[in-house]
Amino acid sequence: MIEMTGKIYIVGIGPGASEYLTKKAIDTVKMSDYTVGSTRAIDLFDDVQNKIAFNVKDLLDKLEEGVKLAVEGNTVSILSTGDPGFSGVLNTVLRLSDENDFPEENIEVIPGISSLQLAAAECHIQWDNANVMTFHGRENIEDILPVINNGKTTIALPSRKVKDMAQFLLDNGVEADREVTVCERLSYPDERIVSATLKDIADSEFTYMCIIVIKP
Ligand SMILES: C[S@@+](CC[C@H](N)C(=O)[O-])C[C@H]1O[C@@H](n2cnc3c(N)ncnc32)[C@H](O)[C@@H]1O
C-alpha cells in the first residue's frame, strides 16, 4: 500500500466560550477531513466534517487514530483547550507522530488563548512579570515553594483540588491571610471569580476547572 502523508493541525480553542475561538481555528477545522477533540471542544465549531470525540479514558487512542489518519494522507485537526503548548496536547501529539513516522514538518500549531491568559486579564495582571506555573496532571506541587515568596504574583493551574493546594501552602508556612483569587470556569456563563484569604480558599469547594492566582 502506498502511504501519502497528510497534515496535522494542533488547534488551540481558547478557554471554552466560542467568542474566544480564533478565525484561524474555525477556518482550519472547516477544511480538515477529520477533527479530534473532546465533545465539548468539537461542539464549539459549526462546520466540522468527520468528528472523532475522545474522553479521558480513550484520549490516547483517539489521538493516535488522528495521527494514523494523517499518515494515510488526511488533513486532521486535533483540538486542545486554551493553548496547545501550555499543559496541552502538543507534546503528546509530537510523540505519537514520531512513533508513527509522521514528519514533524507536516504539523502546524494554531495558538489559542490560554485559560491562564484570560485569568491574568480578568485580574489585571501583567503576566510577563508573574510566576507562571502548571501542576496539571503532575505531582510537582512542591515546585511552587521556592517562588511563592519571591515578590511576584503566582498564577498556576492546580494539580489537585484548589482547596488541597491551598492547604498544602498553609502546611508549608504560607501565611493564612495571603490574598488568593480563584478563577473558575472562565468564559462560561457560570464563570466565578472569588478573592479571599488562603485560609478561606482552603475551606471552599471549586470544580477542577480553575486557575489560582496568589498575590505576592
Ligand atoms: C489540560 S489543562 C489545559 C490548559 C490549556 N492548554 C490552557 O492553555 O488553558 C486543563 C486545566 O486548565 C485549566 N482550565 C482550562 N479551561 C479553563 C477555564 N475555562 N477556566 C478556568 N480554568 C481552566 C484548569 O485548571 C484545567 O484543569
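Rules of the game
- Residues numbered from 1 in each chain as written.
- Predicted model: local features only at pLDDT ≥ 70, side-chain atom pairs only at ≥ 80, totals over all residues.
- Pairing = 2+ DSSP bridges.
- Helix = DSSP H or I, 4+ residues; strand = E, 2+ residues; numbered from the N terminus.
- Domains from an automatic or database assignment.
- Contact = placed C-beta atoms within 7 Å.
- Axes fitted to C-alpha atoms, helices over the stretch in contact; angles between N-to-C directions.

Undergrad: Sorry, what's going on with the pairing of strand 8 (residues 179-184) here?
TA: Regular strands place side chains that alternate from one sheet face to the opposite one. Taken together, the six bridges between strand 8 and strand 9 (residues 192-197) define a ladder with antiparallel strand orientation. When the sheet's bridge partners are listed, V182 is paired in strand 9 with V194.

Undergrad: How should I be thinking about the domain arrangement of the protein in this particular structure?
TA: Where the parts come together, the accessible area they lose is often given as the size of the interface. On domain assignment, one finds that the protein holds domain 1 (7-110) and domain 2 (115-214). Each of domain 1 and domain 2 has a C-alpha centre, and these two points are 28 Å apart. Across the boundary between the two partners, domain 1 contributes seven residues, which contact nine residues of domain 2.

Undergrad: Is there a simple way to think about the sheet that holds strand 8 in this case?
TA: Ordered in space as 6-7-10-8-9, the five strands form an open sheet in which the pairing is mixed. Edge positions in the open sheet fall to strand 6 (131-134) and strand 9, since each of these has one partner strand only. This sheet shows a mean twist of 15° between the axes of neighbouring strands, independent of strand direction. Of the strand pairs in this sheet, strand 7 (residues 154-157) and strand 10 (residues 210-214) are connected by three bridges, and their pairing is antiparallel. For A156, the partnering residue across the bridge sits in strand 10 and is I212.

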